[in-house]
Every structure is written in structure tokens, then in C-alpha cells.
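If you want the building blocks of each chain, they are given just below.
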Amino acid sequence: MQPAFSVLFLTTLIGVGQGMLVALVAGQWYYVIGSGEAWESDAFYAKGAAIALVFLAAGLLASFFHLANPQRAWRTATRWRTSWLSREVVVLPAVMGLAVIWAGVHWFEVKPVLLTFSNEKSLDLTMAVGFLAAGASIVLYVVTAMIYACVRFIREWASGWTVTNFMLMGLASGFTAAAAYAALSGSRLTDFLVAGAIGLTALAGVARAAHLWRNLHLAPPSTLRAAIGVRFEPIRQITPGFGGPSFNTTEFSVHGGAGSIRGLTWDFFLLAFLLPVLLLAAGGLSGEGPFTVFAFVLQLLGLIVERWVFFAQGRHVQNLYYQAQG
Amino acid sequence: MSKQLALVIDLNVCVGCHACVTSCKEWNTSGWAGPLPDTNPYGAQPSGVFFNRVQTFECGTFPRTETIHFPKSCLHCVDAPCVPVCPTGASYKREEDGIVLVDYDKCIGCKYCSWSCPYGAREFDEIQGVMKKCTLCIDRIYDTSLPPERRKPACVLACPAGARLFGDVNDTESEASRAIIDNAGYQLMPEWGTNPANHYLPRRKIKMTLHKDELVRADNPLKVEGELPKPHFNAPSIDEMSSW
């Protein structure tokens, strides 16, 4: 498939935003359930949520560049009963809205206690809204990934691995972003977030490798014999019926092909997983903030490359009809 | 069963002349579904929107080969996978006749429907920014100002070989249904469960067995053309009844 840069930026940037929300909520929860006296200021969470919102908004903005008629974008929220794409359009603003509320209740310190448990721990409003925002973020990972995983005509995508990887890579980059933010603002949460980022990045790398391994062994879904219904084999296309390019030859294939995919696969494993883990570990051990910031920049770049490869690797069934050029 | 309009394409008859392609383009670029714009039409790499293409395949190994011309357009699937994925409802299937259409006023041009079509039947119009596809000439087939025999898709009317039939494939009495039943009409890639409405009629090998006495006219032993000699009433004959 032809990767569209608007979609690459959309899926990676909102992944960072969602992951950052989950990371900060996890950090807040870590202190709530932790027995120590340590805590983090409300302003820290509010500013962190604002940074996450910037990523979510940037992703949303990028998505508009994918639409040929963005003035009708409001219509995309109408078919949520059947279309995962429509569901994403519903859930993304919901996540953004919850992030705004979460930042708001922290900033203005609106924290009435909602529930008190038998172990004297309590659930206040900021934590409750945080859980909602984090839950919505997780739902959004599933929804975004299902847009691709439900396209059964592209076997490379039609897999549970697509959902697993969108979620793990998003969480990994979000935790790295949160770790960089915490390190720069000198937060006591830094170690927790760095540890989370290292674990999730390593896990995401392993899961992505598993997805690649699965895609190496895919049987062709259909044959030319079924595509045109002729039993006299071998069948060879002489002409697709036109001499120049068409939508069906440009949208469903990628310039560079297998060579670019192979090279960029190594690149993104290095950029998105290996180097960030090393840099995060260096940052965690040395306590130097810039290491984690550098880790995040490399990881985001690596994930954009990863998303390019994900799209380029998708081989659509319709290509059976467009094997001969000109 | 409800009405399902569709095309039936006879691969045994198609000669690959592309008359259906050009008539489709001509009709639809100037009508309700148009325009079907071209980019760089007179350049080295012309590109454009077509609802119908004729592809050519070669089957077998030389010298035992066969050329197959394969017209391909939207198959108006009964379980069209392109419809539920549309986020705006622009891609829809008409309940009254099963035609799959795109509402250009609702389409946002996200191209997601084209990803959900295994047949590559949809083509994106870069200029208008909407997805386009075969409409079965919906602006012809219901046009009561046309004489009834002309209320057919442009491609069907244009085909000089009569390789294209149009009708309700759920009505077993229709010409299209009869052709499918009589000639073992089939669907493309049924394994995807799309249940395409358009059907194709297979290549049919037509063999004629000739016996020796059919090669030489038994009643013209002298191989002289002209008025036949009138044999005697009792002379031996082919049917062993009478030479008269």
C-alpha cells in the first residue's frame, strides 16, 4: 500500500499523546497506591496533560490533510455502528476532552474525595477522571488499529498483532515522552516513567518482530485463477487495460518496494526500539534529562519509519488484477 | 428475493475491443456520475478515472495458449465490503435494486472504501476529491424518455459482440439469470464472501465431431455440382427407405 504521510503522523502522534496520558495517570496511581509520603504536584500533571493534548491535536490536524474534502469531516462521526474509521473520529475527541478535564481538575485542584476504601486509600476526582482518560486512550489504540486490522484484503494487517503493536508502540513512545518531561522538570516520577518506558519499548520491539515474522510466512490469499475464474494455467497478464498509471496502480503499491522495506525495517528497529532503550537506561542511571529527550526524538522518528513500513508491507488482493504495467 | 441488477459478461464472446470502456467513459463523464477527469491526457503517462476496464490475460504455455479479454467493473456485491466501512455513509447499496453507489456530496475522499474492495473496482477522482465507481448507468436504466430497449447500461448497448447482458440476477426468468444458469456463470473470488452480483460466463470449448461420410457428400459420388441425377426409386439410399 502507498503510505500517506498524513496517516503516518496521525497514528504516531496520537499514539504519543494517548501513551503520555496513560503514563501520567499511571504515575499518579503509583503514588496513590504507594505507601510512602511521596507525591507529585497537580501542576505537573496538568502541564503533562497539556503536552499530551498538543500531540493529540497535532495528530488530528495531520488527519485532515488525508481528506480530499475536509469540510465534510463532521460527517465521519455518523457511521460509528459499522465503521472503525468513524469510531476513531468519535473516540479521539473524547480522549482529548477527558484530557482537558483531567488537566483542568489538576490545575484548579478540584479534588473532592469520591470513595474511601477500607485500607484508608481514597479515590478523588483527579484520579477518577485520570482513569477515564487513560481508559479512553487504551480504547482509542484498539479503535485506530482496527481500522487497519479489519481490512481483510490486506493479510499483513488483518491480524491481532496490528492491534497489539499499535498499543505497545503508542504506550512505549508515550512513556518515553512522559519520562523526558518528568526528567526535564526534575520530577520524582522520572525513575518510574523511565523504567516503564524501557519495559514497554523492549516489549513493543519484541511484538513488532513477532508481527514481521508472521508476515514472512503468509500464503497468498487468492490466485489469479480465482480472480478471473479461468482454469487454464499458467495465467499471465498481458495488459491491465491502460498504458499509464491509474488509482489502482498508485494507491496499492509503493515506490521502491521490497528493497526500501527491508532497509527501513532495520532502521526502525534501531531508531524506535534499540537506541531508545539504551538512551533511556543511560538517562535513568546518570539522571541526565537530555538523554531521555533524545531517546524520545529518536523513537518518534523511528515509529514514523515503522508506520511507513507497516503501510508499505501491506499487499492488497486487488493487485492480482494489476500485475502487468502498460 | 429482492431485485439485484447486475451485468453478466461472456468471456467466450468478448473480443477485447474496448468499446464498453469508451462508451462507459463517454456516457458517464457527461452525465449524472461525471465528470471522469483525466490528468495529463496527451502526455507520456496519461491517467484518468474509468468505471470499466478491459484487461487481457494469456493462459497456458506456448504453443497451447489462449488469450482472454476480461472486462472488469464494479461487481455490485450483495454483501458489499466497501459499504459498512465508509465513515460518512457516502458509499451505499440501494435496497430497491442492489446497485452500489457513492454519494459525491457526502464523500470526504478518505479512500478507505477502495481498501475494502478486493476487486479494485473503485477509482479515486483526484480533482473532485471523491471516490467514483460504476453506477450501472443508473441515469439511463430508469430514464423513461428513452425507448425501453435502450434503458440499459452504455457498455451493454455498445458491445458489438453481445458479450454483455444486463438484468435482475435474482429473477430466474430474466435474460441475465437464464444466461448464468445455462452457461455455468460464476462469480469472481467467491472465497471472500462478497457475493458479487455481476457474473462471468466461462470460456466454452466447442468441438464438432465429423464422421468420414460427412466430409464427402455421399449423394454426389462424381463430385460434380449441379442438378443431381434422379436415381431409381429402388436404388440404395442413406436412410434405407427410398432415394426419393
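Residues numbered from 1 in each chain as written. Chains lettered and ligands numbered in written order. Predicted model: local features only at pLDDT ≥ 70, side-chain atom pairs only at ≥ 80, totals over all residues.

Points about the overall build of chain B
Right, so step 1: Counting its regular elements, chain B contains six helices and 11 strands.
Right, so step 2: Relative to the compact-globule value of 18 Å for 244 residues, chain B shows a C-alpha radius of gyration of 25 Å, a clear excess of over 25%.
Right, so step 3: Evaluated residue by residue, chain B yields a buried proportion of 44% over its 244 residues.
Right, so step 4: In chain B, once contacts between residues fewer than 6 apart in sequence are set aside, the share between residues at least 24 apart is 54%. (Helix = DSSP H or I, 4+ residues; strand = E, 2+ residues; numbered from the N terminus. Rg over C-alpha atoms; globule rule 2.2 N^0.38 Å. Buried ≥ 20, exposed ≤ 12 C-beta atoms within 10 Å, placed from the backbone. Contact = placed C-beta atoms within 7 Å.)

Topic: helix α1 (residues 19-29) of chain B
Right, so step 1: If you check which residues of α1 of chain B are buried, you get Cys20, Val21, Cys24, Lys25, Trp27 and Asn28 of chain B.
Right, so step 2: Where α1 of chain B is buried, its residues meet β4 (52-61), β5 (64-73), α4 (154-158) and β10 (164-168) of chain B.

Focus on the interface of chain B and chain A
Right, so step 1: Listed as interface residues are 47 residues of chain B and, on the opposing side, 44 residues of chain A.
Right, so step 2: For the side of chain B that touches chain A, the secondary-structure elements that each account for two or more residues are β4, β5, α2 (112-115) and β8 (123-125) of chain B.
Right, so step 3: Of the residues forming the side of chain B that touches chain A, the biggest block, nine residues, is contributed by β4 of chain B.
Right, so step 4: Its residues assigned to classes, the side of chain B that touches chain A comprises 25 nonpolar, 13 polar and nine charged.
Right, so step 5: Examined bridge by bridge, strand β3 (residues 235-239) of chain A and β4 of chain B share four bridges and lie antiparallel to one another. Counted as the bridge partner of Thr239 of chain A is Thr56 of chain B from β4 of chain B. (Nonpolar A, V, L, I, M, F, W, Y, C, P; charged D, E, K, R; others polar. Pairing = 2+ DSSP bridges.)

Some remarks on unusual backbone geometry
Right, so step 1: Omega for the peptide link from Glu233 of chain A to Pro234 of chain A comes to -5°, which places this bond in the cis form.
Right, so step 2: Residue placement: Pro234 of chain A occurs in the loop between α7 (224-228) and β3.
Right, so step 3: In this structure, the amide linkage connecting Phe62 of chain B to the following residue, Pro63 of chain B, adopts the cis form with an omega of 5°.
Right, so step 4: Within the chain, Lys111 of chain B stands out as a residue other than glycine whose phi angle is a positive 70°.
Right, so step 5: If you trace the backbone, Lys111 of chain B turns up in the loop between β7 (100-102) and α2.
Right, so step 6: Even without being glycine, Leu136 of chain B reaches a positive phi, approximately 55°.
Right, so step 7: Within the element layout of this structure, Leu136 of chain B appears in the loop between β9 (130-132) and α3 (138-141).
Right, so step 8: When the 28 C-beta atoms within 10 Å are taken as the criterion, Leu136 of chain B is described as buried.

Points about the pairing of strand β1 (residues 5-10) of chain B
Residue and element names in this part refer to chain B.
Right, so step 1: Of all six residues that make up β1, six are buried, and the element is covered over most of its length.
Right, so step 2: Two elements, β1 and β10, share five bridges in a ladder whose sense is antiparallel. What sits directly across from Ile9, in β10, is Arg164.
Right, so step 3: As paired strands, β1 and strand β11 (residues 199-201) are joined by three bridges and run parallel to one another. Looking across to β11, one finds that Ile9 is bridged to Tyr200.

With respect to the sheet that holds β4 of chain B
Sheets are built from strands paired through backbone hydrogen bonds, the pairs being either parallel or antiparallel.
Right, so step 1: Read across the open sheet, the three strands follow the order β3(A)-β4(B)-β5(B); overall the sheet is antiparallel. Both edges of this open sheet fall to β3 of chain A together with β5 of chain B, since each of them pairs with a single strand only. Neighbour-to-neighbour, the strand axes of this sheet turn through a mean angle of 30°, independent of strand direction.
Right, so step 2: Where β4 of chain B and β5 of chain B come together, 10 bridges link them in antiparallel fashion. Residue pairing for β5 of chain B: Gln55 of chain B is matched across the bridge by Phe70 of chain B. (Axes fitted to C-alpha atoms, helices over the stretch in contact; angles between N-to-C directions.)

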